[in-house]
Amino acid sequence: MQDTTKIIIWAALIGGLFAWLWRAGHLVRFRDYVQQTREELRKCTWPTWDELKGSTVVVAISIFILGGFTVAVDQVLFRLFMLFNL
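Residues numbered from 1 in each chain as written. Predicted model: local features only at pLDDT ≥ 70, side-chain atom pairs only at ≥ 80, totals over all residues. Heavy atoms only, no water.

Novice: Even after reading the chapter, I still don't get the overall build of the chain, so can you show me in this structure?
Specialist: The number of helices and strands found in the chain is three helices and zero strands. Counting from the amino terminus, the chain carries its helices and strands in the arrangement α-α-α. Computed over the C-alpha atoms, the radius of gyration of the chain is 28 Å, more than 25% above the 12 Å expected from 2.2 N^0.38 for a compact globule of 86 residues. Taking all 86 residues of the chain together, 1% fall into the buried category. Accessible surface, the chain as shown: approximately 8600 Å² in total, 71% of it carbon and sulfur. (Helix = DSSP H or I, 4+ residues; strand = E, 2+ residues; numbered from the N terminus. Rg over C-alpha atoms; globule rule 2.2 N^0.38 Å. Buried < 20%, exposed > 50% of the residue type's maximum accessible area, 1.4 Å probe, protein only. Areas by Shrake-Rupley, 256 points an atom, 1.4 Å probe, with all protein chains shown as cover.)

Quick look at the structure:
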């Protein structure tokens, strides 16, 4: 019996929220937003598979170089601080 009561209460809350959103016009604005977003996405040109693979390689190499630079600078600063700490 308690489960049924909880379900009814939740259904009433969700229904009330839906009615309030409908009456306030939020659902219409959300629908318009989704519709405009779809229209804009149709205008986009998507990369080809080869362009996507090339961009992925560039990003991976950039991350590797930046990571190596960060490790190198960290090691240099660590050694400098240890040198001056003695």
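Novice: Could you clarify how one ought to interpret the packing of helix α1 (residues 2–24) against helix α2 (residues 26–43) in this entry?
Specialist: The description of two packed helices rests on the angle between their axes and on the distance between the axes. Direction vectors running N to C along α1 and α2 enclose 75°, while the axes themselves pass 4 Å from each other. Here α1 is positioned roughly perpendicular relative to α2, judged by the angle of their axes. Residues F18, W20, L21, W22 and A24 of α1 lie in contact with α2, whose contacting residues are H26, L27 and R29. In terms of residue class, the contact of α1 with α2 is built from six nonpolar, one polar and one charged. (Axes fitted to C-alpha atoms, helices over the stretch in contact; angles between N-to-C directions. Parallel < 35°, antiparallel > 145°, perpendicular 65-115°, else oblique. Contact = heavy atoms within 4.5 Å. Nonpolar A, V, L, I, M, F, W, Y, C, P; charged D, E, K, R; others polar.)

Novice: Just to check I follow, could you spell out the packing of aromatic side chains for this structure?
Specialist: One pair of aromatic rings is described through two measures. These are the centre distance and the angle between the planes. In the structure shown here, the tally under the stated rule is one aromatic pair. Plain terms: the ring middles of F18 and W22 are 5.7 Å apart, the flat faces sit at 75° to each other, and that makes the pair edge-to-face. With F18 and W22 both in helix α1 and four residues apart, this pair spans about one turn of that helix. A relative accessible area of 59% means that W22 is categorised as exposed. (Phe/Tyr/Trp six-rings, centres within 6.5 Å; stacked < 30°, edge-to-face > 60°.)

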